[in-house]
Amino acid sequence: MWTEEDNKLKQTFKFNDFQEAFAFMTRVAFLAEASQHHPNWSNVYNQVTIELTTHDEGNTVTEKDRSLAKEIDALIK
């Protein structure tokens, strides 16, 4: 579940292993590039943490962030 804090939407996703986590990141990268809205993220082994904020709107959460979050969620359902 996404949480909103510090003007960011945040979520950590856990996978079975590094390969699954990296495959997820690759799919997210294609979504982000298509929407020209790129996340701040990190990966440690089987976990991917994503933070979404709209930099050109003063680093606040906007509809662009909520839309990308929904698209990301659809990848794992």
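The paragraphs below set out a description of the structure included in this document. (Residues numbered from 1 in each chain as written. Predicted model: local features only at pLDDT ≥ 70, side-chain atom pairs only at ≥ 80, totals over all residues. Heavy atoms only, no water.)

1. Observations concerning helix α2 (residues 63–75)
In this model α2 runs 19 Å from its N-terminal to its C-terminal C-alpha over 13 residues, within 8% of the 18 Å that 1.5 Å per residue would give. All of the buried residues in α2 are Asp 65, Leu 68, Ala 69, Ile 72 and Asp 73. The buried side chains of α2 occupy one side of the element, clustering within an arc of 145° when seen end-on. Exposed residues lying more than 90 degrees from the buried face of α2 are Glu 63, Lys 70 and Ala 74. (Helix = DSSP H or I, 4+ residues; strand = E, 2+ residues; numbered from the N terminus. Expected span 1.5 Å × (residues − 1). Buried < 20%, exposed > 50% of the residue type's maximum accessible area, 1.4 Å probe, protein only. Arc of directions from axis to C-beta.)

2. Section: the packing of aromatic side chains
All told, the structure shown has four aromatic pairs when counted by the stated rule. Seen in terms of ring centroids, Trp 2 and Phe 13 are 5.8 Å apart; in terms of plane orientation they differ by 70°. Their pairing is edge-to-face. Here Trp 2 is found in the segment before β1 (3–5), whereas its partner Phe 13 is found in strand β2 (residues 8–14), with eleven residues between them in sequence. On the basis of relative accessibility, which here comes to 15%, the residue Trp 2 falls in the buried class. By relative accessible area, which is 4% here, Phe 13 ends up buried. Centroid distance Phe 13 to Phe 24: 4.9 Å. Interplanar angle 45°. Geometry classified as tilted. Of the two residues, Phe 13 sits in strand β2 while Phe 24 sits in helix α1 (residues 18–35), which places them eleven residues apart along the sequence. Each member of the pair, Phe 13 as well as Phe 24, carries the same accessibility label: buried. (Phe/Tyr/Trp six-rings, centres within 6.5 Å; stacked < 30°, edge-to-face > 60°.)

3. So, the pattern of salt bridges
Using the criterion set out here, one finds five salt bridges in the structure. Arg 66 is the salt-bridge partner of Glu 4, the closest N and O atoms lying 3.1 Å from each other. Of this pair, Glu 4 sits in strand β1 while Arg 66 sits in helix α2, and the two are 62 residues apart along the sequence. For Glu 4, a relative accessible area of 48% corresponds to the partly exposed category. Residue Arg 66 is classed as partly exposed on the basis of its relative accessible area of 36%. The shortest N-O distance in the salt bridge between Asp 6 and Lys 10 comes to 3.7 Å. You can call Asp 6 exposed: its relative accessible area is 57%. Overall, the relative accessible area of 17% leaves Lys 10 in the buried class. A single salt-bridge network, built from bridges that share partners, covers Glu 5, Asp 6, Lys 8, Lys 10 and Glu 51. (Salt bridge = Lys/Arg side-chain N within 4 Å of Asp/Glu carboxyl O.)

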